[in-house]
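Close look at the chain arrangement
What follows is each chain in one-letter form.
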Amino acid sequence: MAKHKSLLETLQHQGISRRSFLKFCASTASLMALPPAMIPAVASALEQARRPSVIWLSFQECTGCTESLTRSHSPTVEGLIFDAISLDYHHTLQAASGHAAEAARTAAMEENYGNYLVVVDGSIPTANPGYSTIAGISNRDMLLETATGAAAIISVGSCAAFGGIPHAKPNPTGAVAVSDLITDKPIINVSGCPPIPVVISGVLTHFLTFGTIPALDALGRPKAFFGQSIHDRCYRRPFYDKGLFAESFDDEGAKKGWCLYKLGCKGPTTFNACATAKWNSGTSFPIQSGHPCLGCSEPDFWDGGGFYKPLSTPTEDIAATLVYGAAAGAAAGVALGTLNHARKTRAQQAHAPVTVDDLEKGDGQ
Amino acid sequence: MGSATPVDGDCGSGAVRTGNVLPLLHEIRHALQRWLDAGEPAMIDLRSIPMAPGEEDELVSLLGEGEVHARLSALGPSDIYETRFPGVWLVTHYNDNEEIMSRFIEVIDMPSILKSQTEDIRDGQERLAAQLR
Ligand code: SF4
Ligand code: SF4
């Protein structure tokens, strides 16, 4: 496939009809969480879209994010998108290794200087560069070098976005997030442990389609997917509002599908798309399977004080406290510890409803 | 969307309701009114609406099946039903593995995806001409 063909030409070359293209655009708009009124805009943007070159860097990570992505793309609409991007370097997926792989990275950088997209999964150790190296190059050096000619950086997963599990106390490797090292490039944080596959591909698709950065919240996450809390989109919410809670995993409340707040659900302080996008091709998500949300898309979720500990520890009867909480809506939840309280408050303030204009806006934060 | 897969991922969700089905039906009713008054079509993306397990099926069965059922074969199948309510269509796009990629309710006289596209007509005309040569 020639690199400089537009996506439309690429699809036509594969014998894909205009009607199929329109179906593809409808599903792509849905994937990007755009309102259906945007489908014609998606179609005209995709007609002209060029294949961007993508350099994927995997640092201190568990490969879960790449697993999540590869689960999403093969037979789906996102598959076509991935046929349409030029993944020039991904050391987990590519066949080449060592110097040959590094040569591919350097070549892609030179050829597309200023225009390529860097995707990072994993955090970067700063205590001792030896904790994680690729072809003898420390993660930090490789990130700084690769970022110089990037149009934008996508931090995939909570490790790249916020430091994640390597950054959990006592953080033995001195792990930091991409945004701690790079300050002069637009960075899109696609957090989650792992991120939802359609969210990863939705963000890549947005860049491919419009060539711009989607509107971001205060934590650098695309508002289209992270604009609302799990709690605000949770189908168990009517029980929360009525003060009906499961007290253990096998009591009557659990069997009736009541709210999991008392079992430690972090839904009220967690912004992610699980409740609507769901997992495994839309089958279910943790709360639907009876397990509280861990808050995996929020900074320092690992140090939030216990997955099964309720968010606040009220002194009075929890139901009475929550009647008040429900009235206050999304602001009811308290932050995961005091650490990131200020950041979180800013994030919550930034969660205004998303408009079409916001989505087209390319100015990052 | 659970209908596409045999996996039962639900737990303790027997009687849960988000209460989103009724407002959706009202939204459809208003959209029909706008179509009648101004010829303005509407489209609702079902993926963007939180639903409890079973609620989407409930909505689909409330809408029922009307006079038209079309099946596309374009990048995998698509099912297009006119519901019991003329002008209200349920459009489900699948990929080659029959997994749902997107699902919309359209309020319009005919979903535009059903129409032949000029580019495809031109392409077909050329193929026919070549065959007759
Ligand atoms: S606390 Fe958790 S289970 Fe309860 S309504 Fe909120 S997100 Fe859903
Ligand atoms: S429900 Fe919560 S913990 Fe689970 S994947 Fe979604 S955001 Fe992460």
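Residues numbered from 1 in each chain as written. Chains lettered and ligands numbered in written order. Predicted model: local features only at pLDDT ≥ 70, side-chain atom pairs only at ≥ 80, totals over all residues. Heavy atoms only, no water.

Focus: the overall build of chain B
Regarding its fold elements, chain B presents 3 helices and 5 strands. The N-to-C order of helical and strand elements in chain B reads α-β-α-β-β-β-β-α. Counting every position in chain B, which comprises 133 residues, the buried fraction comes to 42%. Carbon and sulfur atoms make up 52% of the accessible area of chain B, which amounts to about 7,300 Å² in all. (Helix = DSSP H or I, 4+ residues; strand = E, 2+ residues; numbered from the N terminus. Buried < 20%, exposed > 50% of the residue type's maximum accessible area, 1.4 Å probe, protein only. Areas by Shrake-Rupley, 256 points an atom, 1.4 Å probe, with all protein chains shown as cover.)

A closer look at the nonpolar core
All names here are of chain A. Ranked by size, the top nonpolar core spans 41 residues in total, and within it Ile 154, Ile 196, Phe 285 and Ile 287 carry the most contacts. Those elements that provide at least two residues to this core are strand 1 (53-58), helix 4 (64-73), strand 3 (116-121), strand 7 (150-156), strand 9 (187-190), helix 10 (197-210), helix 11 (223-226) and helix 15 (274-277). A per-element tally of this core places helix 10 first, with 6 residues. Excluding its chain neighbours within four sequence positions, the residues that come into contact with Phe 285 are Ile 230, Tyr 235, Cys 274, Ala 275, Lys 278 and Trp 279. One finds Val 118, Ile 153, Val 176 and Ile 182 within the second-largest nonpolar core, a separate group that totals 21 residues. (Core = buried A, V, L, I, M, F, W, Y, C linked by side-chain atoms within 4.5 Å. Contact = heavy atoms within 4.5 Å.)

Quick notes on the packing of aromatic side chains
All names here are of chain A. Enumeration over the complete set of coordinates arrives at 10 aromatic pairs over all chains. Judged by centre distance (6.4 Å) and plane angle (40°), the ring pair of Phe 239 and Trp 258 falls under tilted. Placement of the pair is Phe 239 in helix 13 (residues 237-242) and Trp 258 in the loop between helix 14 (252-255) and helix 15, with a sequence separation of 19 residues. Given the relative accessible area of 10%, Phe 239 is considered buried. (Phe/Tyr/Trp six-rings, centres within 6.5 Å; stacked < 30°, edge-to-face > 60°.)

Notes on the interface of chain B and chain A
Of the residues lining the interface, 44 residues belong to chain B; the matching set on chain A comes to 38 residues. Interface of chain B and chain A: buried area, both sides summed, is about 3,200 Å²; carbon and sulfur atoms make up 59% of it. Here chain B is connected to chain A by 1 salt bridge. We note a salt bridge from Arg 18 of chain A to Glu 119 of chain B, for which the minimum N-O separation is 3.6 Å. Sorting the residues of the side of chain B that touches chain A by element identifies strand 1 (42-45), strand 3 (77-82), strand 4 (88-94), strand 5 (100-107) and helix 3 (118-132) of chain B as the ones contributing at least two each. By residue class, the composition of the side of chain B that touches chain A is 20 nonpolar, 15 polar and 9 charged. (Buried area = accessible area lost by both parts, 1.4 Å probe. Salt bridge = Lys/Arg side-chain N within 4 Å of Asp/Glu carboxyl O. Nonpolar A, V, L, I, M, F, W, Y, C, P; charged D, E, K, R; others polar.)

A word on the pattern of salt bridges
Side-chain pairing between opposite charges can occur once the charged atoms of the two side chains come close. All names here are of chain A. Inspection of the entire model under this criterion finds 12 salt bridges over all chains. Between Glu 298 and Arg 221 there is a salt bridge, and its shortest N-O distance comes to 2.9 Å. Remark: Arg 221 occurs in the loop between helix 10 and helix 11 and Glu 298 occurs in the loop between helix 15 and helix 16 (318-328); sequence separation between them is 77 residues.

A word on unusual backbone geometry
Residue and element names in this part refer to chain A. Cis geometry is found at the peptide bond from Lys 169 to Pro 170, where omega equals 0°. The residue Pro 170 is located in the loop between helix 8 (158-162) and strand 8 (175-176) in this model. Even without being a glycine, Thr 63 presents a positive backbone phi close to 70°. Within the secondary structure, Thr 63 sits in the loop between strand 1 and helix 4. In this structure Thr 63 comes out as partly exposed when scored by relative accessible area, which is 24%. Notably, Asp 300 is not glycine yet its phi reads approximately 55°, a positive angle. The residue Asp 300 is located in the loop between helix 15 and helix 16 in this model.

Comments concerning the environment of Ala 52 of chain B
Residues and elements named next belong to chain B. Mapped onto the fold, Ala 52 is located in the loop between strand 1 and helix 2 (55-63). Assessed through its relative accessible area of 3%, Ala 52 is described here as buried. For the pair formed by Ala 52 and Gly 19, sequence separation is 33 residues and the distance between their alpha carbons is 8.8 Å.

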